[in-house]
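Okay, here's what each chain looks like letter by letter:
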Amino acid sequence: METLHSLKSGSRYKDRYTDKFGVRSDKFVPVSKLPAPRWHWDYDLTEENTDFMKQMSQVHDEELLSQQSPLNDDEWSNSPWEQGSLRCGAVGMKVGCQPLWFRDGTYAVCTLVQLQDCHVVRYIPKEDYNTKVAAAIVGCKNTNPFHRNEKYAEFCHNAGIPLKTRCFRFHITENAAIKPGTKLDVTHFRPGQYVDCLAKTIGWGTQGVMQRYKVSGGPSDARGSHGFHRRIGSIANRSGHVPKNTKMPGQLGGQYVTVRGLQILRMNTRYNVLYIKGRMPGHTNQFIKISDSSMKKYKPQTEEQTKKLLGPFPRYRPTEGEVIPEDIYHESVFPLDEPTITFS
Amino acid sequence: MHIRNIAHKFLYSQVSWKSSSRFVSSKFVAPSRPTLKLSDEEGGKNIDGRENPKLFSEEYIPPQILPEWHSNKLKYKLERMDCLRRRNVVEIPEFYPGSILSVTVSDEYGPEKNTKFVGRCLWRDGFALACKFVLRNVIEGEGFEIMYHLHSPTIQQIQVLRLEKWIDTDLRYLRDADPKHCTIDPNMIAQAPTPVSQPLPVFKEKVNLGDRTWWGWKFDRSWPRPYNAFIEEHLLEEDYIERDRLRERQTYMKFDICRHYDTRSLKKQIMTEMEKNQKRIKNIHKSTSWQPN
């Protein structure tokens, strides 16, 4: 079934389509199982009109962002920090990995995460969401509004921001209520702070037991084994049934995983990039949810500890006349501008 | 006065023979001392193959990642900026695998709190700050290899004792070759390199591999085929099967498009970018103690 979309973009649907059992039968596939026809958003427009529509969407986004002024932020009062209060996080994109040196001379690898167009999209108070805890939805990276449906466009324009590719949800206390439309920059975090990162891991599809669980398998043909190379061996003990959680082939990757207790060592305010020590799941250009760490040893107990372990509560508000430096390092990090390390 | 008395006064006046200003004419000009470091005036302008390493170096070229949307170009720019910061502090000269270097690293357990190692560079690989190189030296019959990060802050000095350029960039077969190639005197005196305005002569001789039962280098996994070593002649007597397997591998590898990485257009971009960075570096506002209130 050829549509205008497939003709225009040059792609063709598969001639032979399989049903859910992997069986190919051209004649007996019902129409409801075939892929639904999708037309491109500009299939009935001329080239001039598509360019005009794209321009107007950009202008609309710029107008929305210019309507945001710092005066509007004072409508929401900021309450002080208490023990057990949770703060909103940010959403970023994984950019790559880079080495880093400390003042001792030791070496570590850090990942770069860029907070690209990070805005709060919605705040849901305690009563509407869950009688215990409130929620905030934060989005990252602007997209083309013509590739999304109208419901999502309303969702984003209600906050006064352009459409976002990916949104994540954060659980927060009512202390840290945050107005939808606020921009979250790198200054929302503190150098030396500990952070949890959640992202979707790289998807490897169905994989065998050696890739999935790192078992050793069997010997090679040269050592005389017949038909026993990449297998586990036995799957059960004398119980008579196969117990739950036995190691067998299946899906590897493509799942959400959190890595806890990563430290932020360096920040760049010009490009909004965070240098986080360690590695995190996902490929480059993958969306990452960054939140304050939930580990017991990194949770602050007193207000003094919030100044080391937590960023500005509930969010960063710039003072008048403050000049934010472009490169911000933690105390223990060695900036490469300085002369070589010597031991005395 | 008698003339002889006057002459006596002239010859044996207060001026002593040591401060012999009267033996030195005013037109004498001392010649300039020859130095290893060649300035632009003496050496000339950098030609295409030998640029100023601050503007262009092999490690500034990003690795080939296909398709293009699997890589992020912002990261390459940020990392090259960090490389420039380190190079403005310490002079990292140009060198190629095959050249002889001496490296002094600050070490808390050494006399004068540093250690020096001299060796021949076997390979140099990595992008920007992750660039590493390996030096090999044979001391009292025992071979030593040490790996260094090019931009590490513990390195006090990198000095090129002899600048050589071999056709191969991976010289790990020297582990199996005659140790004379890698035995280097730790007190070797530096030799002046060819000036930057002339192209470097390339080392085209071949190295003989020795008889060994255990190889220090996997010759069957390497591509392109090494030029500076006699491999086929060495394998004639022993491993016929390995030689045939080598040939099978080589037939399709040279037609593999993904192994051919054209970097000519990237070179120009990187040079312009690094020139801008050098001007911008001084104006960047940096702090190690800033905290949000």
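Residues numbered from 1 in each chain as written. Chains lettered and ligands numbered in written order. Predicted model: local features only at pLDDT ≥ 70, side-chain atom pairs only at ≥ 80, totals over all residues. Heavy atoms only, no water.

1. Section: the packing of aromatic side chains
All names here are of chain B. One pass over the full model with this rule turns up 9 aromatic pairs over all chains. Between the aromatic rings of Phe-95 and Phe-133, the centroid separation amounts to 5.2 Å while the plane-to-plane angle is 65 degrees, which identifies the pairing as edge-to-face. Of this pair, Phe-95 sits in the loop between α3 (73-89) and β1 (100-106) while Phe-133 sits in strand β3 (residues 132-139), placing them 38 residues apart in sequence. For the pair Phe-95 and Phe-133, a shared accessibility class is recorded, and that class is buried. Ring plane angle 35 degrees and centroid distance 5.7 Å describe the contact between Phe-133 and Tyr-148, whose orientation is recorded as tilted. Of this pair, Phe-133 sits in strand β3 while Tyr-148 sits in strand β4 (residues 142-149), placing them 15 residues apart in sequence. On the accessibility criterion, Phe-133 (0% relative accessible area) is buried. (Phe/Tyr/Trp six-rings, centres within 6.5 Å; stacked < 30°, edge-to-face > 60°. Helix = DSSP H or I, 4+ residues; strand = E, 2+ residues; numbered from the N terminus. Buried < 20%, exposed > 50% of the residue type's maximum accessible area, 1.4 Å probe, protein only.)

2. Let's talk about the sheet that holds β4 of chain B
Residues and elements named next belong to chain B. Ordered in space as β4-β3-β2-β1-β5, the 5 strands form an open sheet in which the pairing is antiparallel. Among the strands making up the open sheet, the edge pair consists of β4 and β5 (155-162). Sheet twist, expressed as the average angle between the axes of neighbouring strands with direction ignored, equals 35 degrees. Bridging between β1 and β5 involves 6 bridges; their strand directions are antiparallel. When the sheet's bridge partners are listed, Leu-101 is paired in β5 with Val-160. (Pairing = 2+ DSSP bridges. Axes fitted to C-alpha atoms, helices over the stretch in contact; angles between N-to-C directions.)

3. Here we look at the packing of α3 of chain B against helix α6 (residues 264-280) of chain B
Residues and elements named next belong to chain B. Between α3 and α6, the shortest axis-to-axis distance is 10 Å and the interhelical angle comes to 60 degrees. Taken as axis vectors, α3 and α6 run oblique relative to one another. Judged by the sense of rotation from one axis to the other, the crossing of α3 with α6 is right-handed. Where α3 abuts α6, its residues Lys-77, Arg-80, Met-81, Leu-84 and Asn-88 lie against Ile-270, Glu-273, Met-274, Asn-277, Gln-278 and Arg-280. (Parallel < 35°, antiparallel > 145°, perpendicular 65-115°, else oblique. Left-handed = near helix turned anticlockwise from the far one by under 90°. Contact = heavy atoms within 4.5 Å.)

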